[in-house]
Amino acid sequence: VFIPPRPKSLPALAALIRAGIRRDGNLIALLPAEVYRKPSAWIGWSRRGILIVNDPALLREVMADSAGIFPKNDLFTGALEPLIGDSIFTSHGATWRRQRAMIDPAFGHMKLTRAFVAMQAAVDAYEGRLDEAAASGTPISLDVAMGELTADVITRTVFSAPLASATAREVFESFSFFERTVAHVAISRLIFDPPFKRIPHQQAVLQACVRIRAALGALVDAHTAARGDIAGDVMAARDRATGQGFTREELIDQLGVFFLAGHETTASALTWAFFIAATQPHIAARIRAEAGEASIGFEQVRALPYTRNVFRETLRLYPPITFIPRVAMRAARIGRHRVKRGTMIMVAPWVIQRHHLYWPNPDAFDPDRFAPEREARIVPGTFLPFGLGPRICVGAAFATTEATLILARLLRRFDFEVMDAGKVRPIARLTTRPIDQVMVRVRRR
Ligand code: HEM
């Protein structure tokens, strides 16, 4: 069995001390060993109180939340506020319901077949880039490569514009800066801050947000609903009750979300998947055998079960959204726990998907767990890389199609050799990433 890299889990105090020494803000290294074995656990060192919820029945209470007691966590919405305001990703209640109803259709099955054509074009272009890297023999960063490829998929599917266009590039660069800066959650804030504390943003972050919003605004102004892409659909969407569409500012919010939620996440998962396939030749060989030589259209992607299961197993062990934090808006009960107003409720795909009560051999990489004859044994509610309940990711099918296509296409054409594979370690930033960039040498097969 292959156990891919993970931080060694330690008792609570030792984990806290290790985090204090390293000071890299790595939240997954901070998790005490017991959280992987208990249905729920309090994290003792936080002033606001942090309850980790693993048990599927408790999870459903938090994530279904029909009463609106457990909205998205204030630390999280506060960090994203200057960028995406009150968008679908961060809003709640009636505002969110209206937005979700207007946005859902843009990601339906029929729309996915249309987006697929743009995905293929992005992969075609990227093969060319990798051909050059292979010819020159210069190592490339896997993280950067996947970030660019998935950003290109987003700009092509949302705006019908390749990343190479100037405005798309501007959005991408400013987003990367925003993510690098905002991603660093100071652990001291989790320890000492009271809940709902407003934290001022750094000037440079606010400026990046202004640049992103200006560039997105330019894309919106140049666009028409008739384009037949995701932006076009969202522009054409009307509120059922009032007949109103989104305002220009709202459009900027929502399209910003697609960029934020839709590219780093997929890039993170693909970085891990390529790292694993490159270091485990039998996995790459099975993907290549399944992919064959023929062109891979939409229907063919759906017929690549092993490749898709490699992606799903990667999402299990390296969920891009490491933590899905909520907050209790009032005193409440979760199972036998009483929580105060302001308690952080931590739903952690990273923990639940490596949990000893729910997964046999939890840390082993085994894509065949998802094979039809074994999939039925997965405990419902314990595989949640895309979330759970009403707030589940709108882009889940989109991302799965995209990632399966990219894995099949690039692995059958190239060999990837990871340099310093033994040094690769995960960290939870905005997404689950390798601590240092993963450098690979690319060769044409
Ligand atoms: C592997 C890739 C992806 C992963 C792991 C992922 C994960 C998630 C998760 C966990 C949530 C729920 C967060 C919560 O409940 O707090 C979410 C929400 C969302 N995702 Fe994704 N996502 C991915 C790709 C995408 C893509 C490609 C798009 C769009 C192009 C997208 C758009 C969204 C949106 C709009 C929401 C907010 C939904 C709502 O609150 O109603 N995601 N995603």
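Up top is the structure these notes are about.
Owing to the predicted nature of the structure, the values given are computational and were not obtained by experimental measurement.

Rules and cut-offs
Residues numbered from 1 in each chain as written. Predicted model: local features only at pLDDT ≥ 70, side-chain atom pairs only at ≥ 80, totals over all residues. Heavy atoms only, no water. Donors = N, O, S within 2.8 Å, 3.2 Å for Na, K, Ca; no water. Helix = DSSP H or I, 4+ residues; strand = E, 2+ residues; numbered from the N terminus. Buried < 20%, exposed > 50% of the residue type's maximum accessible area, 1.4 Å probe, protein only. Polar contact = N/O pair within 3.5 Å; in protein donor to acceptor, adjacent residues only side chain to side chain. Contact = heavy atoms within 4.5 Å. Pairing = 2+ DSSP bridges.

Considering the coordination of the iron atom of the ligand
Logical step 1: Just one protein ligand coordinates the iron atom of the ligand, and it is Cys-393 (SG) at 2.3 Å.
Logical step 2: Of note, Cys-393 is situated in the loop between α16 (372-375) and α17 (396-413).

What to know about unusual backbone geometry
Logical step 1: Even without a glycine there, the phi angle at Asp-65 is positive, about 40°.
Logical step 2: Within the fold, Asp-65 resides in the loop between α2 (56-64) and α3 (74-84).
Logical step 3: Residue classification places Asp-65 among the buried residues on the basis of a relative accessible area of 17%.
Logical step 4: Even without a glycine there, the phi angle at Asn-361 is positive, about 50°.

A word on the side chain of Asn-54
Logical step 1: Mapped onto the secondary structure, Asn-54 falls in the loop between β2 (50-53) and α2.
Logical step 2: Among the polar contacts made by the side chain of Asn-54, one reaches the main-chain carbonyl oxygen of Lys-38 at a distance of 2.9 Å.
Logical step 3: Within polar-contact distance, the side chain of Asn-54 engages the side chain of His-355 at 3.4 Å.
Logical step 4: Those residues in contact with Asn-54, other than ones at most four positions away along the chain, are Val-35, Lys-38, Pro-39, Ser-40, Leu-59, Val-351, Ile-352, His-355 and Tyr-358.

Observations concerning the pairing of strand β7 (residues 344-347)
Logical step 1: Burial of the side chains of β7 extends over both faces: Met-344 and Met-346 are buried on one face and Ile-345 and Val-347 on the other.
Logical step 2: Of the pairings in the sheet, the one linking β2 to β7 comprises three bridges and is parallel in character. The partner of Ile-52 across the bridge, within β7, is Met-346.
Logical step 3: In the sheet, strand β4 (residues 324-327) pairs with β7 via four bridges, with the strands oriented antiparallel. Among the inter-strand pairings, Val-327 is bridged to a residue of β7, identified as Met-344.

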